[in-house]
Each structure stands twice: as C-alpha cells, then as structure tokens.
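Working through the structure, step by step
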Amino acid sequence: MGMGLKDRVEELYERVEAAAARCGRSAEEIAVVAVSKTVAAERVREAYDCGLRVFGESRVQEAVEKAPELPKDIEWQFIGHLQSNKVKFLPQFADWVQSVDRVEIAEKLARRYHELGRTVQVLLELNTSGEDSKHGFGSPQEALDAASQIAALDGVALRGAMTIGPFTDNESEIRTAFAVLRRFFEQLQTKLPDARIDTLSMGMSNDFEYAIEEGATMIRPGSVLFGPRSAR
Ligand SMILES: *Cc1c(COP(=O)(O)O)cnc(C)c1O
C-alpha cells in the first residue's frame, strides 16, 4: 500500500506552507483547486471527506455527470478548453471558468449565467510558453485588450489570470512563464481598478512550488493528489 489520499492531502498542504514560508507569504493566501478530471466520483468524495471543497474539471460532459453525485457545497471550476457549443452546460456545475481565451466565449458565458440571475467567476487564460498545443490568449496585450470588454459584461466577474506552465523540467523557463503571468495580472489590476482582480492561478503537480514563489494565489494540483491519470 502506498500513501493514502489523506496523507497526500496533508503532504500537499505541508509543501504549500513551506513554499509560502520561503517567500514570506502565508499559506492562507493560496487556494487549492484539486483537479479531479478522469477521477471517479467516489474518489472525489474521499477527497471531499479529507476536507477539500474546490475541484477542477476539464471536460464538460464528465463534469455534468459527476457533479450531481457529489455534495452540493463543492465549488466546481472549469479549467479545460471551452468550445462555444458546450457553454450552455456550464451553469449546471461551474462556479468558475478559468480558461476564457476570447471575448466571444465570455459573452456566451455572460448570457447563460445572466439569464439565470447568476454570475460566473472567470480568469483569462494566457499562453505564457508559446507552445502551440496550449490554448489561451497569445499575448498579454491581446488579453488586456479583451479584458475591458469582458469586465463590462453582466453575468461574468473577471477575477484574474491563469496559465499552464511549459512542459519542461527547466526551472528558469517555468519561472519565466509564471513571472509573465504575474506581470499580466498586475497590469490587469492597474487597467481595471474597479474590478476585483485577486486571483493568479498557476502551478500544477510538478511546478506548484515555483508558482507559489512567483506569486500564485491559486494552484491546481491533480496527479499529486489522485495519482497518475491513465492516457486518454
Ligand atoms: C490536468 C490539469 C491540471 C492538473 O495537472 P497535474 O499535473 O495532474 O497536477 C491543472 N490545470 C489544468 C488546466 C489541467 O488541465
């Protein structure tokens, strides 16, 4: 028997605290979104029983099926690439969408949530690595240009920025990408002084400690909690 989920959750929080302490921050500033994509509902329930309340999903269909089987006080965050034709399903589970990468998708989300009298919290996804496989706005300037329009929509609340670090073990490349996102986040705050821009989402299982040191207020660990995902 390896480590159980409870031990992994505890170890994660210890590592978050240590990383925060290294740069003079408090672990309380850092929200953990447990990424439960491909993880069966029973396992998510176990994680819930370990105290986790915020989960991230990257496939609409999977989340739509899983969420109703789980406690109502879970906050679900959609973190995957969002296609226009799937937007209509989002209000069924998502309180947050981290992967807004064009004005058009924000407008569609706004319409759907607004007609239900709700507001979805959104982040702008920035491609900070230049990798073609990644979604997200292609440059900070592009994202800044979109931000004012998105912030003005009823039904969405713009809360900050998200990125996926480069697929590499190279620490300085990873940190550079995170520093780009942080700079963009600060530009957003300056550009939109009336918006509540408070969320800098970066860092996954392999790089969340660097992300914390680079200023993340939200991390998205998956496999470090739930174990490796089988290839899909
Ligand atoms: C899968 C995924 C994660 C979690 O990845 P791990 O390497 O398992 O921690 C985080 N963020 C996004 C956007 C993802 O798609």
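Residues numbered from 1 in each chain as written. Predicted model: local features only at pLDDT ≥ 70, side-chain atom pairs only at ≥ 80, totals over all residues. Heavy atoms only, no water.

**Here's the deal with the site of the ligand**
If you check the shell around the ligand, you find Val35, Lys37, Ile79, Ile164, Met204, Ser205, Arg220, Pro221, Gly222, Ser223 and Arg229 and nothing else. Arg220 is positioned such that a nitrogen or oxygen atom in its side chain is 2.9 Å from a nitrogen atom of the ligand. Within the backbone of Ser223, a nitrogen or oxygen atom sits 2.7 Å from an oxygen atom of the ligand. Compared with its free state, where it exposes 390 Å², the ligand has 90% of that area covered by protein. In this structure the site holding the ligand corresponds to the largest pocket. When grouped by side-chain class, the residues that make up the shell around the ligand number five nonpolar, three polar and three charged. (Near = heavy atom within 4 Å. Polar contact = N/O pair within 3.5 Å; in protein donor to acceptor, adjacent residues only side chain to side chain. Areas by Shrake-Rupley, 256 points an atom, 1.4 Å probe, with all protein chains shown as cover. 1 Å grid on protein atoms, 1.4 Å probe; cavity = no way out; pocket = protein on both sides within 12 Å on 5 of 7 lines; lining within 4 Å. Sits in = over half its atoms within 2 Å of the grid points. Nonpolar A, V, L, I, M, F, W, Y, C, P; charged D, E, K, R; others polar.)

**Some points on the pairing of strand 6 (residues 120–125)**
With six of six residues buried, strand 6 is to be regarded as a mostly interior element. What you see with strand 6 is no split at all: Val120, Val122 and Leu124 on one side and Gln121, Leu123 and Glu125 on the other are buried throughout. With three bridges connecting them, strand 5 (residues 94–100) and strand 6 associate as parallel partners. From the neighbouring strand, Val97 faces strand 6, where its bridge partner is Val122. Crossover handedness for the path strand 5 to helix 4 (residues 103–114) to strand 6: right-handed. At this point the chain moves from strand 6, through helix 5 (residues 140–151), to the parallel strand 7 (residues 156–162), and the crossover so formed is right-handed. (Buried < 20%, exposed > 50% of the residue type's maximum accessible area, 1.4 Å probe, protein only. Helix = DSSP H or I, 4+ residues; strand = E, 2+ residues; numbered from the N terminus. Pairing = 2+ DSSP bridges. Right-handed = clockwise from strand over helix to strand, strands pointing away.)

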